[in-house]
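# Examining the three-dimensional arrangement
These are the residues of each chain, in order.
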Amino acid sequence: MMERASARIVWRYAREIARPVRGRYIGAFAAVVASTLITLAGPALVRYAVDAGIKKHALHPLNVAALIFLGLALLKPFAVRAQILLAATAGERFLGALRTAAFDKLQALPLGFFEQERAGVLVSRLTSDVQSLTEFVRDALVEVAGSALQILLTVAALLVLSPPLAAVSLVALPILVVSSWSFHHSAGRAYHAIRDRVAETLTALQEGLAGVRVVQAFRREKRTLERYRPRSQAQVSAWRRASFVNIRLFAVLPLAQAAALIGVLLVAASMYRHGSISIGTITAFVLYLIQLFDPIGRFTEWLGDFRQGIAALAKIVGLLEAPNAIVESPEAVDLPPHGRLVLDEVTFGYDSSRPVVREVSLEIEPGAHVALVGATGAGKSTLAKLLTRQYDPRKGRITLGGVDLRDARLESLRQRIVMLPQEGHLFSGTIAHNVRLAQPDADDADVRNALLRIGALERFASLPDGLDTDVQTRGLRLSAGERQLVGIARVALADPAVIVLDEATSSLDPGTEAAVERALAAVVEGRTVVTIAHRLSTAERADRVVVMAYGRVVEVESHNELDEQGERYARLWASWQAGLAATGPT
Amino acid sequence: MGEHDARRRAAWKFVRAVIRSQLDGVIGAALSGLLWQTGAVAAPLIVKYAIDHGVLMQDRHTLMLWLGGLLAVGLLEMTGGAVRHLYAIRNRARTDARVRDAIFAHALRLDASYHDRVGPGELMSRASSDSEHVARMMDAIGHTIGYALTVVAVAVVLIVIDWRLALVVLIPLPVISVSAWAYSRRYHARTERLQESWGEAATLVEETVAGIRVVKGLGAGRPLAEQFRARSDTIVGRALDIARLDAAFMPVLEFLPLLGLLAVLWIGGRRVVDGDLSYGSFVAFNAYVAMLVWPLRVLGQRVTTVQKALGASARISEVLDAEPQLHEARHPLELQHPRGAVRLESVRFGHEGDPPILDGLDLEVAPGESLALVGATGSGKSTVAGLLARLYDPDGGRVLLDGHDVRELRLSDVRRAVALVFEETFLFSDTVRENIRFALPDADDAAVEQAAGLAGAAEFISQLPEQYDTVLGERGFSLSGGQRQRIAIARAIVADPAVLVLDDATSAVDATKEHEIRAALATVMEGRTTLVIAHRPATIALADRVAVLENGHIVEQGTHAGLLRTSGRYRALLALEAAA
């Protein structure tokens, strides 16, 4: 399951992903500092104009101050503009890098992960979580720096103006410390809860929308909504809890400000009575003190964004940190284009204590067709996953042309060994787009060729829009058989050395069935094929049949030999024949 | 342009509806926002009086009085600020939920033909990402009103102090705000485009996750990652298009108050020197114009927030305004005890732009009779199934259930009478038990187990880690296609429909296993109108009658055995010529 990552790991990832845009962030910080300094220069210029000009009835200093002010005012829009552009570019690129890293990660995760984790959660990690980071990486990060600078400079001004009064204004400090401690104590949990609720809501949505036809067919619209609503409400409640955490921090600010002002004015009054402070100093001090709480207020509001951002980032990093099924070895080599496929004492279990495949040894000559048969749970599918290196064996090894799959470059592995699953999953887009799913560089001629080779070109080319026909959502415009044909065409285009075929159990109408059979026969020609056979007629055609039971290979023979001497296999075969005879056509 | 205006109008209408639906929250946020900024505006004034009348006059009593006032104002600001924040977050979260709930509820009402076009990824993106923009607008209301008040209050104070100087300082304000509003309209279209690219990215993620087995098996990960990178880059590009608007627009807003300060300094300063303006007024002007900086900046941002919300609203109302093609009759007939007489009369159906799939189809199934519908791929068999359950309406002709046009019947009655088992099985992330009693949540365990038994699913369910309490994923916790189909059949059996439609429902069941459940199917079909769409001769043979669908209509009817004897076409269709 996905965990949220610890703060240290989150920062490591954040730094890593931010590296390419570091320069822009630094530029944005510089622009913020410049525009903050311009803002702060205003009162100083006014002071100069008053003290040197207005009080002395001298126009020249006033003009000078006004001229400098004008110059700074003219600079400010450029600083702001630079800040916006740099921070936006840095932030958006950061988010882009983050979501592509998360998408890449999907490809590296083991298949088991997708069985445990609901699709909605994954979609929410890559969309909603990333999006909720926008404020944080674009504005908060940069603005916090500006606010912090303003706070520091104002505090410095207070200290210069009157150290005793500055000390008095510290009465606000305990209030601030207590409230921010209380905020940080609860904010993490509150914002993580929001992200969790968002994921749950999106999951419910995703499932209801993906299964909308079933929901409607069984008129369960109301119940589906009833089951979704509490989750949606839980998200509202999570936000409310977070809002109560937030106000601990920034609602207290005005009180802290009032406390500081009251303390300062009380002390200032007595200092004034004793003649130890001028009225000008008091006025300036109070003005600065009021100004100080402005950036503090903004600072705390950004902190809210910050906490929310950290929570979302932790969720995404949690996904990035999930263990990969397999890793490419640094000294990986290309797999040879052909060669013998050898399994040597291969043992594997998803859980190390319960092997699903036990000490399987097999040698498959190039171009040989092997059928794996056995009851559900015998380990056929798991063996297929090992052959395509979705997982690595816990013991033993699998080699193609003498190269251990673990030593192969992943790209060459995916090129040489492909898995053809039974369902023909389509992406939205055209038929051609779907055929070139794994080979985006293939041109139209290649696509037509692949379809031609498997004998399916005419079927698709004769559609009104030909290969440019939009298959629509999940390929509903195409029949199951046609979707399988597209799947087979993908493999024909990929031109692999080894095909691991999870045989379609579905019975198509005989016409399409024959087309699919022909397509398969064409695509397997001259390649090594391992078929997870659901039909014994497939086994009949294979060069060799491997019977699996309880994770072990129990018999390996050609079909005829097996039929004569095999026990389990003969039983399976007999029951199949009996089934045909009992209800068959003749 | 016309379409663009229509979208804008729809967006405005939606935004108004959202505000109206949360009027209490909006008013609460506005009032607390006023309170909050009243405190903020009053505090400097009170400090001024405390200094002038308390500190300078060395009047301890007056000082304490003003300091008490300062504390009161601090408390006021604190309370107002806290309440404003609570309202802001409440408005935000509730808006988000309302938009999302409305989209979901409406999507469940929209019929199959809409969902054929618009996939779950696209709808999810509108229910989460677009709703977020509208929610942000609602979040900002209290803030915005508070800051707007500050600007107005400051303007009034300035005019009272010295109207001539105030005029110079304030004149750019209306000019800027009007042009800002006009300029900000550009955010609308750009936001829509950005949101569109988010939708496309979400769709790709959704499809990749849904088809992960195919993706991994084929090694399509890299090209898909390239595709995703391209869509992600589009998002970055379009987000930066908006940032470029910010970069043109925001600096102007920052510049304006500085011009005001400059005017105060130079014009005001000269007038002080000339003795035309008091020094106190000069100081006050400085303080107050400085107070405008932050509110003006925020107000400028809010203009864009509203425009972004409008852009997102246009996309949301696109979904909410989509009309279901299927309408329940105004006064629907009830169908209490369906007998299950099914009749299709000259039914025509086609996807827009394509040649019709069904063209003058006539078909009749008597109550309790079972009919196998046979035809080549694409002959429209599944369309017939969808028409019976009224997932679609025919373009021409009628579909009759117990003698009534299904369009005149209550929709829920039709769907209760007709249970559909799809070829593509969709299971929900829930226990096996809940999945089986999906259509009838009150069904007891015995009924669930009986249905599972009839569907030939009891055996493998008993081997699952937690039997009927095992939680399945959408794609079914490691269940094979055949096992999932058997659960789907059990689901239909629990519904106990008058008409059962098995649309290739046993296609993924192992041939050997199908043999086992065939007897069970025969029991289920007994006394129940059943339409079987299948290809295996043994399954077809279960039906009383067979109808052959070709070129959009029924070309032959008869018993399986009879057609086998007499019809070459039928034998060819079942590819038995060679086998026989």
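Residues numbered from 1 in each chain as written. Chains lettered and ligands numbered in written order. Predicted model: local features only at pLDDT ≥ 70, side-chain atom pairs only at ≥ 80, totals over all residues. Heavy atoms only, no water.

### Comments concerning the overall build of chain B
To be explicit about the condition: Each helix corresponds to a stretch of at least 4 residues labelled H or I by DSSP, and each strand to a stretch of at least 2 residues labelled E; elements are numbered beginning at the N terminus. The globule rule is 2.2 Å times the number of residues to the power 0.38, and the radius of gyration it is compared with is taken over C-alpha atoms. Burial status follows relative accessibility: with a 1.4 Å probe on protein chains alone, a residue under 20% of its type maximum counts as buried, one over 50% as exposed, and anything between as partly exposed. Any two residues whose heavy atoms approach within 4.5 Å are treated as being in contact. We get accessible surface area from the Shrake-Rupley algorithm with a probe of 1.4 Å; when it comes to residues, only the shown protein chains can shield them. Just so you know, the count uses Lys and Arg for positive and Asp and Glu for negative, and it drops His and the chain ends. Note on charges: their place is set at NZ of Lys, CZ of Arg, CG of Asp or CD of Glu.
On a plain count of helices and strands, chain B comes out with 21 helices and ten strands. Computed over its C-alpha atoms, the radius of gyration of chain B comes to 35 Å, more than 25% above the 25 Å expected for a compact globule of 580 residues. Overall, the C-alpha framework of chain B stretches about 120 × 55 × 50 Å when taken along its three principal axes. Each of the 580 residues in chain B was classed as buried or not, and the buried ones make up 61%. When contacts within chain B are restricted to residue pairs at least 6 apart in sequence, those whose partners lie at least 24 apart make up 76%. For chain B, the accessible surface area stands at approximately 22,000 Å², while carbon and sulfur atoms represent 57% of it. Computing the positive centroid from 61 side-chain charges and the negative centroid from 68, chain B places the two 6 Å apart.

### Observations regarding the domain arrangement of chain A
Accessible area lost on assembly of the parts is the figure often given for the size of an interface. Residues and elements named next belong to chain A. Let me state the cut-off plainly: Just so you know, the domain bounds were taken from an automatic or database domain assignment. Summed over both partners, the accessible surface that disappears when two parts come together, traced with a 1.4 Å probe, is what is meant by buried area. The salt bridge definition used is simple: a Lys or Arg side-chain nitrogen within 4 Å of an Asp or Glu carboxyl oxygen. Each polar contact in these results corresponds to two N or O atoms within 3.5 Å; when the atoms are within protein, one needs to be able to donate a hydrogen and the other to accept it, and residues that are neighboring in sequence are counted only if both atoms are side-chain atoms. Three categories are distinguished: nonpolar for Ala, Val, Leu, Ile, Met, Phe, Trp, Tyr, Cys and Pro, charged for Asp, Glu, Lys and Arg, and polar for the others, with Gly belonging to the last.
Segmenting chain A into domains produces domain 1 (7-321) and domain 2 (341-581). A straight line from the C-alpha centre of domain 1 to that of domain 2 covers 54 Å. Contact with domain 1, which involves four residues of that partner, is made by four residues of domain 2. Three residues stand out in domain 1 for area buried against domain 2, namely Pro110, Leu111 and Arg213, and they jointly supply 74% of the buried area on that side. Our enumeration of links across domain 1 and domain 2 arrives at zero salt bridges. Summed over the shared surface of domain 1 and domain 2, the result is zero residue pairs in polar contact (both at pLDDT 80 or more). For the side of domain 1 that touches domain 2, the class distribution of residues is two nonpolar, one polar and one charged.

### Focus on the packing of helix α3 (residues 60-109) of chain B against helix α5 (residues 120-161) of chain B
Residue and element names in this part refer to chain B. To be explicit about the condition: Here an angle of 0 to 180 degrees is reported between the N-to-C directions of two axes, which are lines fitted to C-alpha atoms, with helices fitted over the stretch in contact. Geometric relationships in this document are graded by angle, where less than 35 degrees denotes roughly parallel, more than 145 denotes roughly antiparallel, 65 to 115 denotes roughly perpendicular, and other angles denote oblique. The handedness criterion is simple: a crossing whose near helix is rotated anticlockwise from the far helix by less than a right angle is left-handed, and one whose near helix is rotated clockwise is right-handed.
Following both chains from N to C, one finds α3 and α5 inclined at 155°, their axes separated by 8 Å at the closest point. As far as their axial angle goes, α5 and α3 are roughly antiparallel. In terms of crossing hand, the pair formed by α3 and α5 is right-handed. Split into classes, the residues belonging to the contact of α3 with α5 amount to ten nonpolar, six polar and eight charged.

### Quick notes on the packing of aromatic side chains
All names here are of chain B. Which entries qualify depends on this criterion: Under the pairing criterion, centres of Phe, Tyr and Trp rings, with the six-membered ring standing for Trp, must be within 6.5 Å; the plane angle then separates stacked pairs below 30 degrees from edge-to-face pairs above 60, leaving the rest tilted. Any Lys NZ or Arg CZ found within 6 Å of a ring centre and within 35 degrees of that ring's normal is scored as a charge over the ring.
Applying the stated criterion across every chain yields a total of eight aromatic pairs over all chains. Where Tyr49 meets Trp66, the ring centres are 5.2 Å apart and the plane angle is 15°; that geometry is what we call stacked. You can see Tyr49 sitting in helix α2 (residues 23-55) and its partner Trp66 sitting in helix α3, a full 17 residues away along the chain. Judged by relative accessible area, which is 33%, Tyr49 ranks as partly exposed. A ring pair is formed by Phe349 and Tyr392, whose centres lie 5.4 Å apart and whose planes are at 65°; its orientation type is edge-to-face. Highlighted residues: Phe349 in strand β1 (residues 342-349) and Tyr392 in the loop between α11 (381-388) and β4 (396-401), separated in sequence by 43 residues. For the pair formed by Phe349 and Tyr392, the shared burial category is buried. Above the face of the Trp36 ring, Arg84 is positioned so that its terminal group lies 4.5 Å from the ring centre.

### Here's the deal with the interface of chain B and chain A
Between chain B and chain A, the residue contacts involve 158 residues of the former and 147 residues of the latter. Applying the counting criterion to the chain B and chain A interface returns seven salt bridges. Measuring nitrogen to oxygen at the nearest pair gives 3.2 Å for the salt bridge that ties Asp104 of chain A to Arg229 of chain B. The interface formed by chain B and chain A contains 18 residue pairs in polar contact (both at pLDDT 80 or more). For the side of chain B that touches chain A, the element with the most residues is helix α9 (residues 221-273) of chain B, which contributes 31 residues. Each residue belonging to the side of chain B that touches chain A can be placed in one class, and the counts come to 89 nonpolar, 30 polar and 39 charged.

### Examining the sheet that holds strand β2 (residues 358-365) of chain B
Residues and elements named next belong to chain B. Filter applied, for reference: Note: two strands are recorded as paired if DSSP finds a minimum of 2 bridges between them.
Ordered in space as β2-β1-β4-β5, the four strands form an open sheet in which the pairing is antiparallel. Lying at the two open borders of the sheet, with one neighbouring strand each, are β2 and β5 (404-405). Sheet analysis places β4 next to β5, joined by two bridges and oriented antiparallel. Bridge assignment links Leu401 to a residue of β5, and that residue is His404. Strand contacts of α11: β1, β2 and β4, with the helix running at about 120° to β1, the strand carrying the most contacts.

### Observations regarding the domain arrangement of chain B
Residues and elements named next belong to chain B. Assigned domains within chain B: domain 1 (2-320) and domain 2 (342-579). Once you take the C-alpha centre of each, domain 1 and domain 2 turn out to be 54 Å apart. In this complex, domain 1 contributes six residues to the contact, which on the side of domain 2 involves four residues. Looking at the side of domain 1 facing domain 2, the largest losses of area belong to Ala112, Asp116 and Ala210, adding up to 65% of the total buried there. Connecting domain 1 to domain 2 are zero salt bridges. At the boundary of domain 1 with domain 2, the tally comes to zero residue pairs in polar contact (both at pLDDT 80 or more). Where the side of domain 1 that touches domain 2 is concerned, the elements lending two or more residues are α4 (112-117) and α7 (172-210). A total of three residues in the side of domain 1 that touches domain 2 trace back to one element, the largest contributor, which is α4. Looking at the side of domain 1 that touches domain 2 residue by residue, the classes come out as three nonpolar, one polar and two charged.

### Points about the nonpolar core
Formally: As used here, the term nonpolar core means buried Ala, Val, Leu, Ile, Met, Phe, Trp, Tyr and Cys residues forming a set that is joined through side-chain atoms within 4.5 Å.
In this structure, Phe94 and Leu451 of chain A together with Ile436 of chain B are the most contacted members of the largest nonpolar core, which totals 275 residues. Judged by nonpolar contacts, the second largest core, of 41 residues, contains Leu158, Leu165, Leu265 and Val298 of chain B.

### A word on the pairing of strand β6 (residues 417-420) of chain A
Residue and element names in this part refer to chain A. Burial of the side chains of β6 extends over both faces: Ile417 and Met419 are buried on one face and Val418 and Leu420 on the other. Here β6 runs beside strand β7 (residues 498-502); their pairing, made up of four bridges, is parallel. In the sheet register, Met419 faces β7, and the bridge partner there is Val500.

### Remarks on the side chain of Lys76 of chain A
Inspection of the secondary structure puts Lys76 of chain A in helix α3 (residues 59-108). Using a relative accessible area of 5% as the deciding quantity, one classes Lys76 of chain A as buried.

### Section: the environment of Ile89 of chain B
Of note, Ile89 of chain B is situated in helix α3. For Ile89 of chain B, a relative accessible area of 6% puts it in the buried group. Once the C-alpha coordinates of Ile89 of chain B and Leu564 of chain B are considered, the two residues, 475 residues apart in sequence, prove to be 70 Å apart. Excluding its chain neighbours within four sequence positions, the residues that come into contact with Ile89 of chain B are Trp239 and Ser243 of chain A together with Asp139 of chain B.

### Some points on the sheet that holds strand β7 (residues 499-503) of chain B
Residues and elements named next belong to chain B. Within the open sheet, the six strands sit side by side as β6-β7-β8-β3-β9-β10. Their pairing is mixed. Strands at the two margins of the open sheet, each flanked by one partner only, are β6 (418-421) and β10 (553-558). Here the average twist between neighbouring strands, direction ignored, is 20°. Where strand β3 (residues 370-375) meets strand β8 (residues 529-533), four bridges bridge the pair, whose relative direction is parallel. Bridging from a neighbouring strand, Ser370 pairs with Thr530 of β8. Relative to β8, α11 is tilted by about 150°, and along the sheet it contacts β3, β6, β7, β8 and β9 (545-550).

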